[in-house]
Protein chains: 2
Amino acid sequence: MKRYAIGLDYGTNSCRSLLVDLDTGQELGSAVFPYPSGEMGILLDASDPHVARQNPRDYLDGLVAIVTGALARARETDPTFDPGDVIGIGIDTTGSTPIPVDAEGTPLGLKPEFAGELAAMVWLWKDHTAYAEAAEITETAARLRPQYLAKCGGIYSSEWWWSKIWHCLKVAPGVFAAAHSWVEHCDWLPAVLTGNTRPETMARGVCSAGHKAMYAEEWGGLPDEEFLTALDPALAALRPRLYKHAVTSDIAAGGLTAEWATRLGLREGISVAVGAFDAHMGAVGAGVREGTFVKILGTSTCDITVAPLATGVADIPGVCGVVNGSVLPGYYGIEAGQSAVGDIFLWFVNQLVPDRYGAGLEEKFIEMEKRLAVLAPGQTGLLALDWNNGNRTILVDVRLTGLLLGQTLHTQAHEIYRALIEATAFGARTIIERVEEYGVPIDTVVNIGGLAVKNATLMQIYADILGKRLKVAASDQTCALGAAIFGGASSGRISLAAAQQNLCAYRERVYDPIPRNQAVYNELYALYKTLHDAFGAPDWQGSLGHVMKRLLEIRARAAAGNAGA
Amino acid sequence: MKRYAIGLDYGTNSCRSLLVDLDTGQELGSAVFPYPSGEMGILLDASDPHVARQNPRDYLDGLVAIVTGALARARETDPTFDPGDVIGIGIDTTGSTPIPVDAEGTPLGLKPEFAGELAAMVWLWKDHTAYAEAAEITETAARLRPQYLAKCGGIYSSEWWWSKIWHCLKVAPGVFAAAHSWVEHCDWLPAVLTGNTRPETMARGVCSAGHKAMYAEEWGGLPDEEFLTALDPALAALRPRLYKHAVTSDIAAGGLTAEWATRLGLREGISVAVGAFDAHMGAVGAGVREGTFVKILGTSTCDITVAPLATGVADIPGVCGVVNGSVLPGYYGIEAGQSAVGDIFLWFVNQLVPDRYGAGLEEKFIEMEKRLAVLAPGQTGLLALDWNNGNRTILVDVRLTGLLLGQTLHTQAHEIYRALIEATAFGARTIIERVEEYGVPIDTVVNIGGLAVKNATLMQIYADILGKRLKVAASDQTCALGAAIFGGASSGRISLAAAQQNLCAYRERVYDPIPRNQAVYNELYALYKTLHDAFGAPDWQGSLGHVMKRLLEIRARAAAGNAGA
């Protein structure tokens, strides 16, 4: 008897599905649906670059397309495949991506009377219109409820739940008044599929609640009325129409309704897991567990690991999110991140790499990688800080900028590129060391994302700098894979651990630290950490006169060693 | 009755002449002679990149070519011109450029028995073979004669007199033994023209002696025997065959010999001034005097000013050369410099500027200047240190490197170029402030060199950062002009001051600080100085957490102000 699950991954510009065999891990089928609305799925406002909204209709249209598409592909892969053997569906989405809904849980954006009203649509994670509200929430919480802020690294973001809802109240009071409640995108889709869309009773995931809505069991769920009243009494009045409890994604939001079973071609009543954010389910799809640190290497990074509740790591200074159950049930989910990684490389190649390295971006990257790969650690003589977009973890400070040091009259672009790669790895090391200092040892780092697959030199540099074994997830779709794992686990017919065991695999090539390189990078990291603290830690006092000279010494040794090698 | 003088300027790759009217300042004729030997006049050694020698024959061939050339040009310019009205010749050369000579003062390199022997040729200023000897001289002087080191900024250079002579002793003892004495290039040519080439009696200039040979009246001339013995007894044995006194260039080395008068087409017996280095005579040609600071803006800078002897500025910490009479008689000559200026810009445009700015270097510079010119001070958000080639003044430390700070994901190449220009101007300001702190007030800065003529934006940035009026010398050949001034003055028929008055002129366009810009740059300079001291001053202790945030504030203000302007 076969057991399959489907994972659905709702991204920024498209959604995609993955149908997997829960026992063998075989990926049988997949489909992608680009959102048809707006610019690549995003509704923009020409008068305000901060606006980023989505059309909930795209989510429903995509749902049918990607599920039926995956089933069709699966039948091609294996003619004996029977959709009746799909036992669960899991869903991840971007976030915080709140949707104003009516009392039945219908998004206002789907109702004719709100046609063309951007505030009634879905507020996409990257909408930054609520920056003023975010600042006021930060200020108010610092004064009244510092414990709320401690959970999210000291600064509440304009990308998050309360900032956006409050901004809607201010700029579109009609929409706010018409919204009986608000629902995260990742909670709304399971609610739709299971027919339980009433805001007060639909299942709500603890991942989005804990990371973005200041929800924690230790203070009784959502922020209390007094605090919300201090922001605006209308927010306090909304609180009872939101939710009291949020749960983990190994739990079923309900069973698939007959109507949706028919539309999707699946069996009625199969389990639909509680939803969560893409990065968190992606980490599960990449095999996150105690001691494993998952880095999603993209334009920025999202870093995720877990620690058993017994560890008691509720607060790790500078680590933005430590949420009970947000990744795996029974564990604190620990979320960190670097504000820019791939974005720094892209900036550099776009702005500062001459065309003799190649005609286009791709060629320039390839040529630079070829030339930097033959350099020994330290041989560039350069040291950089990876702060071109601020520092999210562990300094939690957007008002920081990049730094490059050690350049001579001979420094070349590929050497700087190497220094920038190293800087992002040093930044990653500060995060892992901070987590370890607070009692969460890490033995393995799993990288996912295009950079991890394509750039072997980068991976070896990361291994050497982090001093850990690095693996790359086998699947190209770890988010959808993680969603499928939860879909399967929520059925009760396979444990989450077993599903992870069966489905999470790694590419053959692993990257182990090379001791000789590690030794040099430990020296360089000490200098990085000095600069990091000197420019980033408000209370730093010290001296820096040794930094340039130490780099020159290390460079001379590296050049001599490399020539002899 | 007309009075003319000829200035001869011996550079690294060629020599050139300038014939001027001492009363009107009219430049009547000029000629250039590229040295025919070696690579662009430099004798290289394929096995050692530090070697840079020259053929003394080139100097003599050039002498005839450029003097007769200038006379021919002058006759074209003014058919009534009479070479008999030329009353003096002045000569400047590169340095320290020592020549091993026999007892008659003939360069060993001109003698057949030394054909093909590089050590017997002229040791060009940029020859760096003697780096080990330089280090040992520095170490020995620090121990035994700290006063010698204080005069040259604490580090004796491989480019200088004693390092090179000592290196010759070590690597070519046969040449050293055959050399009765050694002569600076700038002293040898006047000796030849005046027929007084005997090493013990020929005129020696205080400019080269004081700056490069550790000569000072206060300790009785050249370094004492005990010190030289500590280096090598052979150097002490050489001392009596060198010279006892060195003099200023307003003094005649002698009169032109009949033989040379015939060869050059000049009157026998006219005055030939004592020689000096190019930068020093160049400063005189640019009108240096009390309160005027001359910057020769090239790949690096050489900065020169003067202070009356009464000021007593014998030691200015971090300022490499303060030598009685090295620029103007009756004044201390003060020499400083920045290790890289144009070289930093060239490095940047060669290595880090994409081709969308233009196909070649020139086009890239022009396009970048166009785009950075519209930015307000502070608008880049960037701050750089100008240390890609170390810091000559005021830190006197070659083991320093470049730094760039403030870059975001939007920083563009022309913004970095602006930051690099500003960094070199901030570096210039540290030098001028240091000189002023020691009692030498500066009211005017005169820039000479290609950058000063071509780059008006750079000049305005310099004026705004230095807070001084900036002028550009009118002549394109201030070195040869300065040599002509000394040629005239040495005749006794016109005073040095009158010759300078008549010959030194400035371009019409002067650059005055714009108060609004100056205010912003004062803020940025405070941050530059903080970084300068933090990374460059060995004993610095402090904090830097404000630097990036202050830059972001200044950037925001600048952008708002510029948008409103």
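Along every chain, residues carry numbers that run from 1 in the direction the sequence is written. Naming scheme: in the order in which they are written, chains are lettered from A and ligands are numbered from 1. In keeping with the model being predicted, local features are shown solely for residues with a pLDDT of at least 70 and side-chain atom pairs are shown and tallied solely at 80 or more, while totals for entire chains, interfaces and linings include all residues. Excluding hydrogens and water, the side-chain values take into account all heavy atoms of the structure.

J.: Before we move on, can you summarise the overall build of chain A with the specific residues and values?
T.: Every helix listed is a DSSP run of H or I at least four residues long, and every strand listed is a run of E at least two residues long, numbered separately from the N terminus. Scanning chain A from N- to C-terminus turns up 20 helices and 20 strands. Whereas a compact globule of 565 residues would reach a radius of gyration of roughly 24 Å, chain A reaches 24 Å, a difference of no more than 12%. A simple rule labels every residue: compare its accessible area, found with a 1.4 Å probe on the protein chains alone, to the largest value its type can have, and call it buried under 20%, exposed over 50%, or partly exposed in between. Evaluated residue by residue, chain A yields a buried proportion of 63% over its 565 residues. Taken as two groups, the 46 positive and 62 negative side-chain charges of chain A have centres that lie 4 Å from each other. With the radius of gyration taken over C-alpha atoms, the globule rule is written as 2.2 Å times the number of residues to the power 0.38. The sign given to each residue is positive for Lys and Arg and negative for Asp and Glu; His and the chain ends receive no count. Working definition for charges: the position is that of NZ of Lys, CZ of Arg, CG of Asp or CD of Glu.

J.: Can you explain the packing of helix α11 (residues 278–285) of chain A against helix α17 (residues 478–490) of chain A? Please cite residues and give values.
T.: Residues and elements named next belong to chain A. A fitted line through C-alpha atoms represents every axis, and for helices the fit uses only the stretch in contact; the resulting angles, taken between N-to-C directions, go from 0 to 180 degrees. For the pair α11 and α17, interaxial distance at closest approach is 6 Å and the crossing angle is 80 degrees. Regarding the angle of α11 to α17, the classification is roughly perpendicular. When α11 is examined against α17, the residues D278, M281, G282, V284 and G285 are found in contact with a partner set consisting of T478, C479, L481, G482, A483, I485 and F486. When residues are grouped by polarity, Ala, Val, Leu, Ile, Met, Phe, Trp, Tyr, Cys and Pro land in nonpolar, Asp, Glu, Lys and Arg in charged, and all others, Gly among them, in polar. The residue makeup of the contact of α11 with α17, split by class, is 7 nonpolar, 4 polar and 1 charged. Roughly parallel refers to an angle under 35 degrees, roughly antiparallel to one over 145, roughly perpendicular to one between 65 and 115, and oblique to any angle outside these ranges. We call two residues contacting when some pair of their heavy atoms lies within 4.5 Å.

J.: Any details on the packing of aromatic side chains? Residues and values, ideally.
T.: Centre distance and the angle of the planes are the two values used to describe a pair of aromatic rings. Residue and element names in this part refer to chain A. The pairing test for Phe, Tyr and Trp rings, Trp by its six-membered ring, is centres within 6.5 Å, and the orientation test on the planes gives stacked under 30 degrees, edge-to-face over 60, and tilted for anything in between. A complete count under the given rule lists 34 aromatic pairs over all chains for this structure. Three or more aromatic residues joined by ring pairs form one cluster here, namely W161, W162, Y215 and Y243. Over the ring of W123 we find R53; its NZ or CZ atom is 3.5 Å from the centre of that ring. For a Lys NZ or an Arg CZ to count as sitting over a ring, it must be within 6 Å of the ring centre and within 35 degrees of the ring normal.

J.: Explain the interface of chain B and chain A to me, and be specific about the residues and the numbers.
T.: Facing the 47 residues of chain B at the interface are 47 residues of chain A. Ranking the residues of chain B by area buried against chain A places L409(B), F535(B) and M548(B) at the top, with a combined share of 19%. Between Lys or Arg on one side and Asp or Glu on the other, a salt bridge is scored when a side-chain nitrogen of the former is within 4 Å of a carboxyl oxygen of the latter. The interface formed by chain B and chain A includes 2 salt bridges. Contacts described as polar in this section are N or O atom pairs within 3.5 Å, which, within protein, must combine one atom able to donate a hydrogen with one able to accept it, while residues neighboring in sequence count only if both atoms come from side chains. In this structure, the connection of chain B to chain A is made through 23 residue pairs in polar contact (both at pLDDT 80 or more). The set of elements that each furnish at least two residues to the side of chain B that touches chain A consists of α12 (342–352), β18 (402–407), α14 (413–437), α19 (515–536) and α20 (547–564) of chain B. Per-element tally for the side of chain B that touches chain A: the top contributor is α12(B), with 7 residues. Here the quantity called buried area is the total loss of accessible area, with a 1.4 Å probe, experienced by two parts when brought into contact, counted for both.

J.: Describe helix α4 (residues 161–171) of chain B, listing the residues and the values that go with them.
T.: With respect to burial, α4(B) is a largely interior element, 9 of its 11 residues being buried. For α4(B), every residue scored as buried is listed here: W161(B), W162(B), S163(B), K164(B), I165(B), W166(B), H167(B), C168(B) and L169(B).

J.: Describe the relation of the copies chain B and chain A, with residues and values.
T.: Copies of the same chain, two in number, are related to each other by a rotation about an axis and a translation along it. Fitting of the copies onto one another was done by least squares over C-alpha atoms, counting residues only where both copies have pLDDT of at least 70. Mapping chain B onto chain A calls for a rotation angle of 179 degrees and an axial translation of 0.0 Å; the resulting RMSD is 0.1 Å. The operation mapping one copy onto its partner corresponds to a two-fold rotation axis. Across chain B, the smallest distance between a C-alpha and the rotation axis is recorded for P354(B), namely 1.9 Å. A share of 100% of interface residues in chain B that are also interface residues in chain A marks the association as one of identical surfaces.

J.: Could you give an account of the sheet that holds strand β4 (residues 43–45) of chain A, with specific residues and numbers?
T.: Sheet strands pair via backbone hydrogen bonds, and the direction of the pair is either parallel or antiparallel. All names here are of chain A. Spatially, the 3 strands line up as an open sheet ordered β4-β5-β8, and their pairing is antiparallel. The open sheet terminates on both sides in strands that have one partner only, identified here as β4 and β8 (122–123). Strands are treated as partners if at least two bridges between them are detected by DSSP. Note that strand β5 (residues 48–54) and β8 share 2 bridges and pair antiparallel. Following the sheet pairing, Q54 is matched in β8 by V122.

J.: An account of helix α17 (residues 478–489) of chain B is requested, with residue identities and associated values reported.
T.: Here the expected length of a helix is defined as 1.5 Å per residue gap, with one fewer gap than residues. Taking 1.5 Å per residue as the helical rise, α17(B) with its 12 residues ought to reach 16 Å, and the 16 Å between its terminal C-alpha atoms agrees with that figure. Counting buried residues in α17(B) gives 12 out of 12 residues, a clear majority hidden from the surface.

J.: Please set out the environment of T530(B) residue by residue, giving values where relevant.
T.: Residue and element names in this part refer to chain B. Examined against the element boundaries, T530 turns out to sit in helix α19. Taking the C-alpha atoms as reference points, T530 and S157, 373 residues apart in sequence, are found 28 Å from one another. When near neighbours in sequence (up to four residues on either side) are disregarded, T530 contacts W540, S543, L544 and H546.

J.: I'd like a rundown of the pairing of strand β7 (residues 98–101) of chain B, residues and numbers included.
T.: All names here are of chain B. Side chains of β7 alternate between two faces, with P98 and P100 and I99 and V101 buried alike. As paired strands, β7 and strand β9 (residues 181–184) are joined by 4 bridges and run antiparallel to one another. Bridging across to β9, P100 finds its partner in W182.

J.: For the sheet that holds strand β5 (residues 48–54) of chain B, give the residues involved together with the corresponding values.
T.: Residues and elements named next belong to chain B. In spatial order, the strands read β4-β5-β8; together these 3 strands make up an open sheet with antiparallel pairing. The sheet terminates laterally at β4 (43–45) and β8 (122–123), the two strands that pair on one side only. As paired elements, β4 and β5 share 2 bridges and run antiparallel to each other. Opposite L43, over in β5, you have R53 as the bridge partner.

J.: Explain the domain arrangement of chain A residue by residue, including any values.
T.: All names here are of chain A. Either an automatic procedure or a domain database provided the assignment from which the domain bounds are taken. Structurally, chain A comprises domain 1 (4–277) and domain 2 (288–472 + 514–565). Look at where the C-alpha atoms of domain 1 and domain 2 centre, and you get two points 32 Å apart. Taken residue by residue, the interface counts 12 residues in domain 1 and 13 residues in domain 2. In total, about 1100 Å² of surface goes out of reach between domain 1 and domain 2, with carbon and sulfur atoms giving 55% of it. Three residues, K151, G153 and H211, lead the burial of domain 1 against domain 2; their summed loss comes to 44% of the area buried on that side. Linking domain 1 with domain 2 are 0 salt bridges. Counting across the interface, domain 1 meets domain 2 through 2 residue pairs in polar contact (both at pLDDT 80 or more). The residue inventory of the side of domain 1 that touches domain 2, partitioned by class, reads 5 nonpolar, 4 polar and 3 charged.

J.: Break down the pattern of salt bridges for me, with residues and values.
T.: All names here are of chain A. Within the structure shown, the criterion is met by 50 salt bridges over all chains. When the shortest N-O distance is used, the salt bridge between D21 and K2 registers 3.2 Å. With D21 in strand β2 (residues 14–21) and K2 in the segment before β1 (4–10), the pair connects residues that are 19 residues apart, well separated along the chain. A relative accessible area of 37% places K2 in the partly exposed class. Between E436 and K468 there is a salt bridge whose closest N-O contact spans 2.7 Å. Of this pair, E436 sits in helix α14 (residues 413–437) while K468 sits in the loop between α16 (456–466) and β20 (469–472), and the two are 32 residues apart along the sequence. Residue K468 is classed as buried on the basis of its relative accessible area of 13%.

J.: Could you give an account of the environment of T97(B), naming the residues involved and the relevant values?
T.: On the secondary structure map, T97(B) appears in the loop between β6 (86–93) and β7. For T97(B) and L309(B), which are 212 residues apart along the polypeptide, the C-alpha to C-alpha distance reads 28 Å.

J.: Describe in detail the environment of H50(A), supporting the description with residues and values.
T.: Residue and element names in this part refer to chain A. Looking at the element boundaries, H50 is found in strand β5. Taking relative accessible area as the criterion, H50 reaches 32% and is therefore assigned partly exposed. The sequence separation of H50 and L395 amounts to 345 residues, and the corresponding C-alpha distance is 25 Å. Apart from the residues lying within four places of it in its own chain, the contact partners of H50 are K126, D127, H128, T129 and Y131.

J.: How would you sum up the state of the cysteines? Please name residues and give values.
T.: Here a disulfide denotes one covalent bond, and it connects the sulfur atoms of two cysteines. Working definition: a disulfide is two cysteine sulfur atoms within 2.5 Å of each other. All chains considered together, the criterion is met by 0 disulfides over all chains. The thiol of C302(A) is unpaired, and the distance to the nearest cysteine sulfur, on C207(A), comes to 9.2 Å. Sulfur of C479(B): no disulfide; nearest cysteine sulfur belongs to C302(B) and is 9.3 Å away.

J.: Could you give me a rundown of the packing of helix α12 (residues 342–352) of chain A against α12(B), with the residues and numbers involved?
T.: For the pair α12(A) and α12(B), interaxial distance at closest approach is 9 Å and the crossing angle is 110 degrees. For the element pair α12(A) / α12(B), the angle class is roughly perpendicular. Residues F348(A), Q351(A) and L352(A) of α12(A) touch α12(B), and the partners they reach there are F348(B), Q351(B) and L352(B).

J.: Can you lay out unusual backbone geometry for me, pointing to particular residues and giving the numbers?
T.: Residue and element names in this part refer to chain A. In this structure, S96 follows G95 across a cis peptide bond, with omega equal to 0 degrees. Mapped onto the elements, S96 comes out in the loop between β6 (86–93) and β7 (98–101). In this structure, I394 follows T393 across a cis peptide bond, with omega equal to 10 degrees. In this fold, I394 is placed in the loop between β17 (383–385) and β18 (402–407).

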